[in-house]
There are 2 protein chains.
Amino acid sequence: MSIDPARIQVIACDIFGTTVDWRTGVADQVARIAQTRDVDLDAGAFADHWRDLYLPSMRRVNNGDQPWVNLDILHRRSLEEVLHEYGLDGRFDDTDRAAMVAAWHRLPPWPDTLSGLARLRNHRPVVALSNGGFRLLTNLVHHARLPLDGVLSAELARTYKPGSGAYLKAAELLDVPPGNILMVAAHVWDTTGAAEAGFATAFLHRPDEKGPQRTADRPDDATADIYATDFYDLAAQLDF
Amino acid sequence: MSIDPARIQVIACDIFGTTVDWRTGVADQVARIAQTRDVDLDAGAFADHWRDLYLPSMRRVNNGDQPWVNLDILHRRSLEEVLHEYGLDGRFDDTDRAAMVAAWHRLPPWPDTLSGLARLRNHRPVVALSNGGFRLLTNLVHHARLPLDGVLSAELARTYKPGSGAYLKAAELLDVPPGNILMVAAHVWDTTGAAEAGFATAFLHRPDEKGPQRTADRPDDATADIYATDFYDLAAQLDF
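Predicted model, so just to flag it, every value in this text is computed and none were measured. (Residues numbered from 1 in each chain as written. Chains lettered and ligands numbered in written order. Predicted model: local features only at pLDDT ≥ 70, side-chain atom pairs only at ≥ 80, totals over all residues. Heavy atoms only, no water.)

## Describing empty space enclosed by the protein
Within this structure, the stated rule accounts for 1 cavity of 30 Å³ or more. Along its surface, the largest cavity is lined by Leu173(A), Asp175(A), Asn70(B), Leu71(B), Asp72(B), Gly133(B), Phe134(B), Arg135(B), Leu136(B) and Glu155(B). When residues of the lining of the largest cavity are traced back to their parent elements, those giving at least two are α4 (71–85) and α7 (134–144) of chain B. Top contributing element to the lining of the largest cavity by residue count: α7(B), with 3 residues. Looking at side-chain class alone, the lining of the largest cavity contains 4 nonpolar, 2 polar and 4 charged residues. (1 Å grid on protein atoms, 1.4 Å probe; cavity = no way out; pocket = protein on both sides within 12 Å on 5 of 7 lines; lining within 4 Å. Points joined across faces, edges and corners; volume = space filled by probe spheres on them. Helix = DSSP H or I, 4+ residues; strand = E, 2+ residues; numbered from the N terminus. Nonpolar A, V, L, I, M, F, W, Y, C, P; charged D, E, K, R; others polar.)

## A few points about the packing of aromatic side chains
By convention here, two paired aromatic rings are described through the distance between centres and the angle between planes. Applying the stated criterion across every chain, the model contains 16 aromatic pairs over all chains. Geometrically, the ring pair formed by Trp68(B) and Tyr160(B) is stacked, given 4.5 Å between the ring centres and 25° between the ring planes. With Trp68(B) in the loop between α3 (54–62) and α4 and Tyr160(B) in the loop between β3 (150–153) and α8 (164–174), this pair connects stretches of sequence that are 92 residues apart. Both residues of the pair, Trp68(B) and Tyr160(B), belong to the buried class. The ring of Tyr54(A) carries the charged tip of Arg51(A) above its face, separated from the ring centre by 4.0 Å. (Phe/Tyr/Trp six-rings, centres within 6.5 Å; stacked < 30°, edge-to-face > 60°. Buried < 20%, exposed > 50% of the residue type's maximum accessible area, 1.4 Å probe, protein only. Lys NZ or Arg CZ within 6 Å of the ring centre and 35° of its normal.)

## Things to note about the sheet that holds strand β3 (residues 150–153) of chain A
Residues and elements named next belong to chain A. In space, the 6 strands of this open sheet follow the order β3-β2-β1-β4-β5-β6, with parallel pairing throughout. Two strands close off the open sheet at either side, each with one partner strand: β3 and β6 (226–228). Going from strand to strand, the sheet's axes swing by 25° on average, the running direction of each strand aside. Inspection of the sheet shows strand β1 (residues 10–13) paired to strand β4 (residues 181–185) by 4 bridges, in the parallel sense. Note that in β4 the partner of Cys-13 across the bridge is Val-184. Sheet contacts for helix α9 (residues 188–196): β4 and β5 (200–204); angle to β5, the most-contacted strand, approximately 175°. (Pairing = 2+ DSSP bridges. Axes fitted to C-alpha atoms, helices over the stretch in contact; angles between N-to-C directions. Contact = heavy atoms within 4.5 Å.)

## Overview of the sheet that holds strand β2 (residues 126–130) of chain B
Residue and element names in this part refer to chain B. In space, the 6 strands of this open sheet follow the order β3-β2-β1-β4-β5-β6, with parallel pairing throughout. A single partner strand is all that each edge strand has here, and the edge strands are β3 and β6 (226–228). For this sheet the average axis-to-axis angle between neighbouring strands, irrespective of direction, equals 25°. Pairing between β2 and β3: 4 bridges, direction parallel. Counted as the bridge partner of Ala-128 is Val-151 from β3. Along the sheet, α8 makes contact with β1 (10–13), β2, β3 and β4 (181–185), crossing β2 at roughly 150°.

## Brief notes about the pattern of salt bridges
Residue and element names in this part refer to chain A. Under the counting rule described, the total for this entry stands at 33 salt bridges over all chains. Among the salt bridges present, the one from Asp-217 reaches Lys-210, with a minimum N-O distance of 3.2 Å. With relative accessibility at 17%, the residue Asp-217 sits in the buried group. Put simply, Arg-23, Asp-48, Asp-52 and Arg-214 are held in one network by salt bridges that share partners. (Salt bridge = Lys/Arg side-chain N within 4 Å of Asp/Glu carboxyl O.)

## Notes on the layout of surface pockets
The computed volume of the largest pocket comes to approximately 470 Å³. Residue lining of the largest pocket: 27 residues in total, with Glu155(A), Leu156(A), Leu156(B), Lys169(B) and Leu173(B) positioned closest to the centre. Put simply, the parts of the chain that give the lining of the largest pocket at least two residues each are α4 (71–85), α7 (134–144) and α8 (164–174) of chain A together with α8 of chain B. Across the lining of the largest pocket, the residue classes tally to 12 nonpolar, 3 polar and 12 charged.

## A word on the relation of the copies chain A and chain B
For these two chains of identical sequence, chain A goes onto chain B by a turn of 180° and a shift of 0.0 Å along the axis, with RMSD 0.0 Å. Within this description, the copies of the chain are treated as partners about a two-fold rotation axis. Residues of chain A ranked by C-alpha distance from the rotation axis are headed by Gly150(A), positioned 2.7 Å from it. Of the interface residues in chain A, 100% have counterparts in chain B that sit at the interface too, so the contact is made through matching surfaces. (Least-squares fit on C-alpha atoms with pLDDT ≥ 70 in both.)

## Observations concerning the pairing of β2(B)
All names here are of chain B. For β2, the tally of buried residues reaches 5 of 5 residues, placing the bulk of the element in the interior. Side chains of β2 alternate between two faces, with Val-126, Ala-128 and Ser-130 and Val-127 and Leu-129 buried alike. Bridge count for β1 against β2 is 3 bridges, and the pairing is parallel. Bridge pairing in β2 places Cys-13 opposite Ala-128. Of the crossover connections in this fold, the one passing from β2 over α7 to the parallel β3 is right-handed. (Right-handed = clockwise from strand over helix to strand, strands pointing away.)

## Re the interface of chain A and chain B
The interface is formed by 25 residues belonging to chain A together with 25 residues belonging to chain B. Taken together, the links from chain A to chain B amount to 2 salt bridges. Here Asp175(A) makes a salt bridge to Arg135(B), at a shortest N to O gap of 3.7 Å. Counting across the interface, chain A meets chain B through 14 residue pairs in polar contact (both at pLDDT 80 or more). Elements that contribute at least two residues to the side of chain A that touches chain B include exactly α7, β3 and α8 of chain A. Element by element, the count of residues in the side of chain A that touches chain B is highest for α7(A), at 6 residues. (Polar contact = N/O pair within 3.5 Å; in protein donor to acceptor, adjacent residues only side chain to side chain.)

## Section: the packing of helix α1 (residues 22–36) of chain B against helix α2 (residues 43–52) of chain B
Residue and element names in this part refer to chain B. Relative to each other, α1 and α2 sit at 120°, their axes nearing to 8 Å. Between α1 and α2, the angle is such that the two are oblique. In this structure, α1 crosses over α2, and the sense of that crossing is right-handed. Facing α1, whose interface residues are Trp-22, Arg-23, Val-26, Ala-27, Val-30 and Ala-31, α2 presents Ala-43, Gly-44, Ala-45, Phe-46, Ala-47, Asp-48, Trp-50 and Arg-51. (Parallel < 35°, antiparallel > 145°, perpendicular 65-115°, else oblique. Left-handed = near helix turned anticlockwise from the far one by under 90°.)

This is the structure:
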């Protein structure tokens, strides 16, 4: 580890994939909705395809190719694309689609998340720093009962991570220099973006994030100050 | 009670006085600092005088008489005034003054707060909606371990409560119509401001908020949808 824990004043955690298991949560809820419509679907693969459109959709906003909209709206647009690709346009009505988008508001925490975050929180303030909007994050934190001291959203900067503005707005609101905030994330693009904004970084490996058919982001591909296998390991490395 | 609990989608709680006991917390910390400087001080009365400048200082910002600054800065300016009034200008250095301002970041919850909020949270998302800035609120929530699903600050609207903008910005970010958010506060000015912004309101009576010499805001003077004696009573009235 290349940073002194004393330097860290606030811990900022990514949410989707790092703190909660989006794939299992979304696939389960989509499968239930598909069942009510007698649609036969590999819901895990469906969730993967949906998520594949996540980074490109945010990139278009950050590039200025599209005006700012929050993640619920991006999720809805991506959903329409995926349904079209699957030839399922006519099988799900507006209520079904809204329920699928709302699936991202109710996701299960990883097994180490609740007690791991609580352990970190015994030593430092812990906040969420996510591309989800406030409504989504409020519902998600509530559903999973995440023990956090605050929730910061890219919505406040109107720039999605990994754009520097998302991290720097959080640092500004927290009134803490970027170098004294530890960004914890399971994605190479997120630790890279955070480092570019001057944050300290911890890469948390979530090998199951993308399900059994795909490879999740690997520590070998990440550049970070700390590499951890879960929130307990992170706490231990920080001497917390 | 004049509202149907089913209407409430999110509960927004005021912090200072409603959730935490600012007077005890500030007085204790100021007393400790005064002791290190051999200054004899009635710290409770000092906290009262300091807090007396709270609403006027925010009113000047909302009126446009002063540009936006966050609550830490208003607290610091008010502190300078109070020290001057007390003839204590020369007795506390910059570090002492910064520590006094930081006292507002570490305040004890009322006895019913932690379990009462947890009970409310079993039924609805519960967020803070406070005039404190993000840094202050992050530290305060962390110190008291408040069980919340999010923290919203007047800082996001750059308008202090009871200005409508502070409430409406929160409703916009939560993506919930104002009438479906319940504002819980121990101050007449706060429930009045929230109602003007279209929120449902609960007045929580905190008779000890202003200490033994003064009278806290009374339910008889408030106009609210619900009148509660503490967070448990509020939960019971909502059938939670």
